[in-house]
Structures are given as structure tokens and as C-alpha cells.
Amino acid sequence: SETEKARRRELARFCSRGGPELAESALGAGLMRGTMPNLALFALALAAAPAAALRSAPRVHSRVLSNSNGIRASPLMVATEEASTLPWMVGGQKFGPQAPAHAMEKPYTNTVKLNPVEAIKRDSGPPGSQLISPLREEMLMTEEISISHDAVVILKHHGSYQQQNREARGAAKAASYQFMLRLKMPNGEVPPDLYLELDKLADEHGQGDLRATTRQAFQLHGVLKKDLKHAIKTIANAGASTLGGCGDINRNVMTPAARLPTNPAYVYAKRYASAMAELFKPMSGSFSELWLDGEKVTTTEYWKKDLYDLSKEVSTPDDIDVVRQRDSGNGVISGHPVEPIYGTTYLPRKFKIGVTVPGDNSIDLLTNDLGYVVLLEADGQTLKGFNVFVGGGMGRTHNKESTFARAADALCFIPAAEALELAKAVIATQRDHGNREIRANARMKYLVHTLGVDKFRELVGSYMGHALQPSLPLPPWVEGIDWLGWHEQGDGNWFVGINVQQGRIIDTPEVRLKSALRTVAQELQLTMLLTAGQNVCYQDVSAAQKPRLEAILKEHGVLPIEEIDMLTRKSMACPALPLCGLAQTEAERVMPAINARLRNSVRAVGLPEAASFSTRVTGCPNGCARPYMAELALVGQGPDQYQVWIGGSPVGTRVASVLMDKMKLSDLETIVEPLLAAWRDGRSSEAEAFGDFMERVGVDFLKTFSASYAPAAVSA
């Protein structure tokens, strides 16, 4: 029963938090295997446990759980602590959300009533092993195929989400609990040995496929609870990690998927992305304790090689630890003994960072919490510093105006010598001042919006100890950069981008993509780069390897980029159904048909075959595929219903506008064809992009035009 499950979870949590001796005694008594009568054995285990273990157990309430037989748990055995009795900051921590290093007036205090996730993070373990309970206790319960809500909150920080097959019903759905693993892959880089391990894990412990995300990482779906530890440990020993793939911490750091080793700007972008990924990883020992049995991994994380010669400040991977601990005395360092930057409760929500170069917005820089643009000195070789952007983010909730998508604002120019310190200062600002009362408003975009970018800039300057410099001029972003097709690297080698529809690496009768990528890794040993558009690149392809790579792809039905329709090439979709718990309708599975229907509509109104625009589809409003920056977007708003957004910029600098609510997918042509006809007739020139035209004429004009639109007249 659910009552029995809850009782056993609480008993397990009590045992584990009481210390290893008590946990071992409880396990010896059969607590994890047995049912209610084993309470008598458990009581004996308690009696036999060392006194020190009992003294270290948490204070508990006199709450009683019973089953249908009337056998009751002793009050001692129910571990439920009063949240109000525990401090929000551990001993030694000076700064955090309840004690900001610098005061700033805002409409919340973070001291009265916090959202429940904050207490879960706070109570998740001692300072050296935060982010461990109740996940550790529930992973010991091997006969259970799922974990509790609180354990899921902690598991996210380790790079995994619990999911169910939402298309199953009854007992089949109850038996469908599974886990999605998301890797941390700074720069989207995937060495061949790692790819082969992921390919094998997908077949042996997943659902037989991999998925490239819109943040340049791989997701592995369908892992059962009993296989979760093996999968995570295998990934770690292959030189990668899932730590930082999800949770209220810094997520995967993005850069353009361009392998240009002779271009200093791209080289610096990659190095600083790797540095920030390492700098802002959680320092708790819980990952090693949970998944690696407390041991060190056998292979060093591959992205650490990028940390050498980083602005003459970070010369070896170990020096990032020095940067992390460096205290300027301005409140960036929290005082927490293990998490110097994050503190006891980490960040209010997820935090996303992107690093790029002038002109290249292939990563949708302005959708990140923090964005860096590399700037070189006049010699074109020396790193001058970065233009910095803050406050981007996509997630929102339907019919809740207090939530919204937002493009980032320009914050400042920061010299290279202070680049990492500024990133620390921005995160410390969000740590101390982000909204921890209302989780829907916890992203940093809401803090920037609430304060205004000028006050936010002033606040970040307080953490830096000086005012921030104005941003420097940047050239316009270039339209159409996606790094697909063949490109010379400048060192005699090539890199090539391959279109992957919606990021799904799978074999179908038409395209055996998964087999093709496995063959490339085995035979050519090429390193892969994942793009922000859910596609795949291969880097460092020699002239001798190029014909063989092309042959492998052709043999498996993988089309060259020249044969991919531009609407497909510019499209993205989130996974949505059947596994995402937030999806309100379809996305990935209907995207190919949507692209085909859009192409037919383009033809129907007489536009040239080359006409195209960015299209993104998501199953819910949380925005994983960054729909609100697209020229046309469909955002799930109920079963087979979508909110239609139009007018995003083709270079990713503008949030789109809502055209209408609850469009049925069957009405796609009825809604879209008038928009295409208006664009055909009203664009200022053939160069005016669809999204730019939509933004220029506005929603009201388009609604009026659509109301009088006559398809027959267009066909004639």
C-alpha cells in the first residue's frame, strides 16, 4: 500500500541519517526487504545499534503509521523534522538568500514562507554530502521501481528525471516508472569512446535510442531504477558526468558547434565554457557516494583539457579550485565549508550559461541567464574580454501573466582578467536575491526584470567591488549559422554537420542513423559535437577520412545537408509525449508532419521553394526548444491544442508574440496560409524574413488580413 511505502521510506531515511552503523543494523534486520511484522526485528536492530548512532539520528515526532493488521510503528521510527527548527545556512556560512551580502529592495524577503523545494535542498544532507537524502535511502529500496517526490528533487541535481509512460493505463502505467539521464557535456563535445558507451547503454539499459538536446547534451531515456547506478557509474568512468545536467545549479554550458582551432575567438569561447562548467559544478561528495561507492572515477573528465592557458590565470585543471575559493571580500563567497559559491540551498532555479563570438548566435545566446561574447584586441589574437548579457529565459505558464519568456539584456564589458570573477558575482547575486518564495518566478530573468537592468548592474557591481564598464559595440548577428554541412577548420582538417530530426538518434527503416554514428565512432574514431539545434557535427576529419565518412552516412541512408528541406533544417521540437510529465500535447512525434505541411502551404501560396523560416514546437509552455525566439512556434496548450506564436527574429534577438490560443493541429493550414500570403504580398523586399515581417506589421493587422483571406483567390 502507499501507506506502507511511505512508512518504509521514512524508516529508511531515519536509519541512514542515524549513521552507517544504524543503517547496517536495520538492513540486517530485513527492513528493506520485509513488511510490517519486521518492525519487531527493526526494534531489535535499534536496541543493538551503537549508542552514538542513535544519538546522531534526527529528532522525530510522535506520529504513528499503521496497517490493516493494526501493527504500529513506534514514534521513534518516523523521521519527520520541523522545518522551522533547522537553519537555512550551515555553520560558517555568512551570505545567502536569508542574509544577502548586499541589500536590495525587492517585493519578497526569502525569510517568511519559502517554496517547498528549498527545504528539501536544505535537508538533503550534512555540509559535505548535501544533495543525498532521501535519494540515498530510497535507492536502497530495490524492490520499489519508483522514488518519492522529495527524492526526485534531489535526483535532478544528479542529472536524472523520473518518468512514466503516459500512454499506458492502469497496472501497465503503474509498472512503467523509468528514468531519463541527461549528461553534462560542455561545448557539446562527445569523444568516440564515450559515444560508444552511450550507444551500448541505450541498447542494454535504455529504450534503444539517444536524444541530442537543445543545450548540446545527450539524454538517455528508459533506464530502470535498478540500472540507474550502473548507467551513471559507466558514464562517469567514461570521462563524462550527469552531475549538473539538471537541478537548481548551473546547467550545460553552450558554445557554437564550430571546430575552428586557428580562430582565437572560437578557441577562447570553448575554453571559457569549459572553465565555467567546472567552476560552477556542485562540490558536494554526494555524487561519488551515491553512484561511485565513494571512489574516484577512472577517467578524468575530458573537457578539463580545455582549461590550460586560460587568460594566463587558469593554467591547469586544478587551478579552477583556486578560482572557486578566491574571496575578494565582497560577498561572493558564501562561507559554506563545501559549497563556497552556492551555499546551503544552491540556486533558486536552474541557471544557464552560453559563450559565443561576435556574429554567431547559433546557440540562442539571449535565452541564457548569463551570456558571454568573446572580444579580441586589435591584433585579432589576444583576448580583450567579453560583452556580457543577463536575464534570458524561456519558461512560462499559460494564463499566468507573472511568468513570461524574456531575451537577455546587455550588462557590461568585462576585461579577460575578471571574466570568471564576474560570472561568480552574477551567480552570487542570484543566490542571494533570486525569488525563493514563488518557484515559478525563481529564474534570474525575473530578478533582472523586477530590479531593472540598471539596478541589477549596480547590484552585481557591489559583488565585484567596483562599477561595471559599459558594453562595447558588437557587429550584427549573422542569419542562418547552424554549422551543418562541410567546413574547413583552417588546420588542414574538416568538420561536418549532419541534420538529426528533433535530435533523435535512432534506426528507422529509412535512416539507420544510430548504426551510422556507431560505425563512425568505431571505425574513424571521430569526436562528435552536438549543436544547439539538436544536430550532430564531426570534427577533425582528415582529407583521407572524408570520403569514408561520406560513404558510411550514405550507406545508412543519412542525407547530406543539401538534400534537407530548409524548413526541416530550421525546426526544433521537445520530446513531449509519451514520457515528459509536463507535456500537454505532442511535439517531437508530429514535427516531421508539421514541416511537410508547412512546405505544402508555402507552395500553395506561390512562394518560392527556397522560402523558409524557423519553426519550433513544444508540448508545454516551459520552452525547452526555445519556441518563443522562433519566427513561428506552436506551444502545447492542451490535448491537440497549441498556442501560436509569431514574429521571433531569424537571428534570435527578439521574443515572439502570441497570435492565438488553442489552435487544433488539424487547423494548421487554415491559420498559417494567410500569414504566408501576407508575407508574400507585403514584405518590403525578398530579403525581409518571415519573422521580421510578422513583427513589423503586427498581430492586429495579421488577424484582420486572415479574416478576409480567400485561399481560392491565391490558388487562382
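Sequence order as written defines residue numbering, which begins from 1 separately in each chain. Residue-level local features of this predicted model are given only where pLDDT is at least 70; pairs of side-chain atoms are given and counted only at 80 or more, and the full residue set underlies all totals for whole chains, interfaces and linings. As a rule here, side-chain values cover all heavy atoms of the structure and leave hydrogens and water aside.

> Before we move on, could you go through the environment of Leu-567 and cite the residues and values that matter?
Within the secondary structure, Leu-567 sits in helix H19 (residues 566-569). Not counting residues up to four positions away in its chain, the partners in contact with Leu-567 are Asn-595, Leu-598, Arg-599, Val-602, Ser-612 and Phe-613. Labels follow the DSSP assignment, with helices taken as runs of H or I lasting at least four residues and strands as runs of E lasting at least two, numbered in each case from the N terminus. Note on contacts: a residue pair qualifies if any of its non-hydrogen atoms lie within 4.5 Å across the two residues.

> Any details on the pairing of strand S2 (residues 178-182)? Residues and values, ideally.
Throughout this description, buried means an accessible area under 20% of the type-specific maximum (1.4 Å probe, protein chains only), exposed means over 50%, and partly exposed covers the range between. The buried fraction of S2 amounts to five of the five residues, a majority that puts the element mostly inside the structure. Residues Gln-178, Met-180 and Arg-182 line one face of S2 and the alternating positions Phe-179 and Leu-181 line the opposite face, and both faces are buried. Note that S2 and strand S5 (residues 218-223) share three bridges and pair antiparallel. Among the inter-strand pairings, Phe-179 is bridged to a residue of S5, identified as Val-223. At least two bridges found by DSSP between two strands are what make those strands a pair.

> Talk me through the pattern of salt bridges; I want residue IDs and the actual numbers.
For this analysis, a salt bridge means a side-chain nitrogen from Lys or Arg found within 4 Å of a carboxyl oxygen belonging to Asp or Glu. The final tally for this structure, using the stated rule, is 46 salt bridges. Here Arg-136 makes a salt bridge to Glu-137, at a shortest N to O gap of 3.7 Å. Through salt bridges with shared partners, one network takes in Glu-118, Lys-121, Asp-248, Arg-436 and Arg-439.

> Hey, could you go over empty space enclosed by the protein for me, with residue numbers and the actual values?
Points on a 1 Å grid, built from protein atoms alone, make a cavity when a 1.4 Å probe fits but cannot get out and make a pocket when they are open with protein on both sides within 12 Å along at least 5 of 7 lines; residues with an atom within 4 Å of a point are the lining residues. Grid points are joined across faces, edges and corners, and a volume is the space filled by probe spheres set on the points. Taken as a whole and assessed by the stated rule, the structure comprises two cavities of 30 Å³ or more. Taken as a whole, the largest cavity encloses approximately 40 Å³ of empty space. For the largest cavity, the full set of lining residues is Leu-279, Phe-280, Lys-281, Met-283, Arg-324, Glu-339, Pro-340, Ile-341 and Tyr-342. Its residues placed into classes, the lining of the largest cavity shows six nonpolar, no polar and three charged. Within this model, the second largest cavity holds a volume of roughly 30 Å³. Surrounding the second largest cavity, Lys-184, Leu-243, Gly-244, Asn-250, Arg-251, Ala-277, Phe-280, Lys-281 and Pro-282 form its lining. The classification used treats Ala, Val, Leu, Ile, Met, Phe, Trp, Tyr, Cys and Pro as nonpolar, Asp, Glu, Lys and Arg as charged, and all other residues, Gly among them, as polar. For the lining of the second largest cavity, the residue count by class is four nonpolar, two polar and three charged.

> Tell me what's going on with the sheet that holds strand S6 (residues 353-356), and back it up with residues and numbers.
Taken together, the four strands give an open sheet; going across it, the order is S6-S7-S8-S9, and neighbouring strands pair in mixed fashion. With one partner strand each, in any of the chains shown, S6 and strand S9 (409-415) form the two edges of the open sheet. Taken over all neighbouring pairs, the strand axes of this sheet differ in orientation by 20° on average, direction set aside. As judged from the six bridges shared by strand S8 (residues 383-390) and S9, these two strands associate in the antiparallel manner. Axis lines are fitted to C-alpha atoms, over the contacting stretch for helices. Their N-to-C directions set the angle, which ranges from 0 to 180 degrees.

> Run through the sheet that holds strand S3 (residues 189-190), naming residues and quoting values.
The antiparallel open sheet is built from five strands, whose spatial order is S3-S13-S14-S11-S10. The open sheet has two free edges, formed respectively by S3 and strand S10 (485-488), since each of these has just one partner strand. Relative to strand S14 (residues 536-541), strand S11 (residues 494-498) is paired through four bridges, and the arrangement is antiparallel. Each residue of the ladder has a partner; that of Trp-494, found in S14, is Val-541.

> Summarise the state of the cysteines; cite the residues concerned and give the values.
In this description, the term disulfide denotes a pair of cysteine sulfurs within 2.5 Å. Enumeration over the complete set of coordinates arrives at zero disulfides. Cys-620 takes part in no disulfide bond, and the closest cysteine sulfur, belonging to Cys-580, lies 5.7 Å away. Owing to a relative accessible area of 7%, Cys-620 belongs among the buried residues under this scheme.

> Provide a residue-level description of the environment of Met-141, including the pertinent values.
With respect to the helices and strands, the residue Met-141 is situated in the loop between helix H6 (135-139) and helix H7 (149-157). Judged by its relative accessible area of 2%, Met-141 falls in the buried class. Separated by 85 residues in sequence, Met-141 and Lys-226 have C-alpha atoms that sit 9.7 Å apart.

> Provide a residue-level description of H7, including the pertinent values.
Within the sequence span of H7, burial applies to Ala-151, Val-152, Val-153, Ile-154, Leu-155 and His-157. Phi turns positive, to about 95°, at Gly-159, one or two residues after H7.

> Give me the packing of aromatic side chains: which residues, what numbers.
Geometry of aromatic contacts follows a simple scheme: Phe, Tyr and Trp rings, the Trp one being its six-membered ring, pair when their centres are within 6.5 Å, and the pair is stacked under 30 degrees between planes, edge-to-face over 60, tilted otherwise. Enumeration according to the criterion identifies 15 aromatic pairs in this entry. Taken together, Tyr-266, Trp-483 and Phe-495 form an aromatic cluster joined through their ring pairs. Here, over-ring charges are defined by two tests on the NZ atom of lysine or the CZ atom of arginine: distance to the ring centre within 6 Å, and angle to the ring normal within 35 degrees. Lying across the ring of Trp-494, Lys-546 places its NZ or CZ 4.2 Å from the centre. For Arg-683, the ring lying beneath its charged end belongs to Trp-679, and the centroid distance is 5.0 Å.

> An account of the nonpolar core is needed here, citing residue identities and associated values.
Side-chain atoms within 4.5 Å are what join buried Ala, Val, Leu, Ile, Met, Phe, Trp, Tyr and Cys residues into a set we call a nonpolar core. Grouped together as the largest cluster of nonpolar side chains are 125 residues, with contacts concentrated most on Phe-218, Tyr-372 and Tyr-538. Residue contributions to this core peak at ten residues, all from helix H11 (residues 264-279). Residues Leu-567, Val-590, Tyr-642 and Val-672 belong to the second largest nonpolar core, which totals 39 residues.

> Which residues make up unusual backbone geometry, and what values do they have?
Residue Pro-134 is reached from Ser-133 by a cis peptide bond, and omega for that bond is 5°. In this structure, Pro-134 sits in the loop between helix H5 (116-122) and H6. The peptide bond linking Leu-577 to Pro-578 adopts the cis configuration, its omega dihedral lying at 15°. Inspection of the secondary structure puts Pro-578 in the loop between strand S15 (571-573) and helix H20 (591-604). Even without glycine at this site, Gln-525 takes up a positive phi of about 55°. Within the fold, Gln-525 resides in the loop between helix H17 (513-523) and strand S13 (528-530). Of note, Arg-626 is a non-glycine position whose phi angle comes to about 50°, a positive value. Mapping Arg-626 onto the fold places it in the loop between strand S16 (615-618) and strand S17 (632-636). Exposure remark for Arg-626: the relative accessible area of 5% places this residue in the buried category.

> Go over H11 with me, naming the residues and quoting the values.
Expected helix span is taken as 1.5 Å per residue step, with the number of steps being one fewer than the number of residues. The end-to-end C-alpha distance of H11, which contains 16 residues, comes to 22 Å, matching closely the 22 Å that a straight helix rising 1.5 Å per residue would cover. In terms of burial, H11 is a largely internal element, 14 of the 16 residues being buried. Sitting at the amino-terminal end of H11 is Asn-263, which places a side-chain oxygen 3.1 Å from the backbone nitrogen of Ala-265. Polar contacts here mean pairs of N or O atoms no more than 3.5 Å apart (in protein, one a potential hydrogen donor and the other a potential acceptor; neighbouring residues in sequence count only if both atoms are side-chain atoms).

> So what about the layout of surface pockets? Which residues, and what values?
Empty space within the second largest pocket amounts to approximately 660 Å³. Around the second largest pocket, the lining comprises 25 residues; the ones closest to its centre are Glu-278, Lys-281, Val-297, Glu-301 and Lys-304. In the lining of the second largest pocket, the residues fall into nine nonpolar, seven polar and nine charged.

> Could you give an account of the environment of His-487, with specific residues and numbers?
The topology assignment puts His-487 in strand S10. Taking the relative accessible area as the measure of exposure, His-487 reaches 22% and is therefore partly exposed. Once the C-alpha coordinates of His-487 and Arg-259 are considered, the two residues, 228 residues apart in sequence, prove to be 8.8 Å apart. Beyond its immediate sequence surroundings of up to four residues, His-487 is in contact with Asn-493, Trp-494 and Phe-495. Side-chain polar atoms of His-487 contact the backbone oxygen of Leu-484, separated by 3.0 Å.

Note that all results are geometric; they support no functional claim without further evidence.
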